[in-house]
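Residues per chain, in single letters:
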Amino acid sequence: MKTNENRTPATAPAKSPKKAENLTVRDGETPWTGAELTELRGELEADVVHLKEEIRDAEQEIVGLLRDGGDGAGNDQADVGSTTLERDHEMSLARNASEMLDQIERALAKIDDGTYGVCESCGKAIGKGRLQAFPRATLCVSCKEREERR
C-alpha cells in the first residue's frame, strides 16, 4: 500500500495558472473566472485533507486488525473470517481513497500548469459544467461514455 508521507500538503502555496480565463472550455461556455477557480481549488484542497485523514484512519485500523486478527486461542473460524472481512474492507477503503487522492492531486497540477479541462483522450474541452460537478474528471462526456461501454 502506498504511503502518503511524500505527498505535497494541501496547504502548500499553490501556483496560480497563467490566467483562469485561458483554461479550456467548451463552445458556448463562459471562461473560467479567478473566483470560480479559487472556489474549485478550495474544494479540491479540502478533499485532499479529508482523504489523507481517511487513509490514515484506515491504515491504523488495518494495523490493529492485523495485530489482533491472528488464529490465536479463543478465536473460532467465524471470528477469524469476520476479522479478515473487516481487514479487506478497510484495505479497499484505503485503496479507493488513495486513488481519489491521486486524481485530485492530478487535477490540482493541471490547474497549476494551465491544462485543466482538456480531455486526456481526445484533447477537446471536458466542459466547465462537468468539471464544476466532478472536478476530478479527466475525460469529456463522449470519451467517458465510450470508455464505460467497453
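Keep in mind that what you see is a predicted model, and the values were worked out from it rather than measured.

Asker: Can you walk me through a positive patch on the surface in this structure?
Answerer: The grouping of Lys 124, Arg 146, Arg 149 and Arg 150 at the surface amounts to a positive patch. Relative to the helices and strands, Arg 150 is located in the segment after helix H4 (141-149).

Asker: Any chance you could explain the nonpolar core here in plain terms?
Answerer: Here is a general trend for soluble globular proteins: nonpolar side chains tend to be buried in one another's company. Grouped together as the largest cluster of nonpolar side chains are 23 residues, with contacts concentrated most on Trp 32, Leu 37, Leu 40, Leu 44 and Tyr 116. Aside from chain neighbours lying at most four places away, what touches Leu 40 is Trp 32, Ile 111, Tyr 116, Leu 131 and Pro 135.

Asker: Hey, could you run me through the layout of surface pockets in this one?
Answerer: Vacant regions in the atomic arrangement are exposed by a probe of water-molecule size rolled over the atoms. Each pocket or cavity is described by its volume, and for the second largest pocket that value is around 170 Å³. Lining the second largest pocket are Gln 103, Arg 106, Arg 130, Phe 134, Arg 136, Ala 137, Thr 138, Leu 139, Lys 144 and Glu 147. Among the elements of the structure, helix H2 (77-113) and H4 are those that each provide at least two residues to the lining of the second largest pocket. Classifying every residue of the lining of the second largest pocket by side-chain character gives three nonpolar, two polar and five charged.

Asker: Which parts of the structure should I look at to understand the pattern of salt bridges?
Answerer: Pairing is possible between side chains of opposite charge, provided their charged atoms come close. In total, this model carries eight salt bridges according to the counting rule given. Note that Asp 112 is salt-bridged to Arg 41, the shortest N-O span being 2.2 Å. Of the two residues, Asp 112 sits in helix H2 while Arg 41 sits in helix H1 (residues 34-68), which places them 71 residues apart along the sequence. Of the two residues, Asp 112 and Arg 41, both sit in the buried class. A cluster of three or more residues bridged by salt bridges with shared partners is formed by Arg 41, Glu 45 and Asp 112.

Asker: Explain the side chain of Lys 128 to me, please; I cannot follow it from the model alone.
Answerer: Within the fold, Lys 128 resides in helix H3 (residues 128-133). A polar side-chain atom of Lys 128 sits 2.8 Å from a polar atom in the side chain of Glu 36. Apart from residues no more than four positions distant in its own chain, Lys 128 is found in contact with Val 25, Glu 29, Thr 30, Pro 31, Trp 32 and Glu 36.

Asker: Even after reading the chapter, I still don't get the side chain of Lys 110, so can you show me in this structure?
Answerer: Following the sequence through the fold, Lys 110 ends up in helix H2. A relative accessible area of 18% means that Lys 110 is categorised as buried. Residues contacting Lys 110, with those up to four places away along its chain left out, are Thr 115, Tyr 116, Val 118 and Glu 120.

Asker: Help me understand empty space enclosed by the protein in this model?
Answerer: All told, the structure shown has one cavity of 30 Å³ or more when counted by the stated rule. Roughly 60 Å³ of internal volume is contained in the largest cavity. Taken together, 13 residues line the largest cavity, and the ones lying closest to its centre are Lys 110, Tyr 116, Glu 120, Ala 137 and Thr 138. Split by residue class, the lining of the largest cavity holds five nonpolar, four polar and four charged.

Criteria and cut-off values
Residues numbered from 1 in each chain as written. Predicted model: local features only at pLDDT ≥ 70, side-chain atom pairs only at ≥ 80, totals over all residues. Heavy atoms only, no water. Patch = residues over 30% accessible without salt bridge, like charges linked within 9 Å, V, L, I, M, F, W, Y side chains within 5 Å. Areas by Shrake-Rupley, 256 points an atom, 1.4 Å probe, with all protein chains shown as cover. Salt bridge = Lys/Arg side-chain N within 4 Å of Asp/Glu carboxyl O. Lys, Arg positive; Asp, Glu negative; His and termini not counted. Charge placed at Lys NZ, Arg CZ, Asp CG, Glu CD. Helix = DSSP H or I, 4+ residues; strand = E, 2+ residues; numbered from the N terminus. Core = buried A, V, L, I, M, F, W, Y, C linked by side-chain atoms within 4.5 Å. Buried < 20%, exposed > 50% of the residue type's maximum accessible area, 1.4 Å probe, protein only. Contact = heavy atoms within 4.5 Å. 1 Å grid on protein atoms, 1.4 Å probe; cavity = no way out; pocket = protein on both sides within 12 Å on 5 of 7 lines; lining within 4 Å. Points joined across faces, edges and corners; volume = space filled by probe spheres on them. Nonpolar A, V, L, I, M, F, W, Y, C, P; charged D, E, K, R; others polar. Polar contact = N/O pair within 3.5 Å; in protein donor to acceptor, adjacent residues only side chain to side chain.

Limitation: the analysis is restricted to geometry and does not speak to function.
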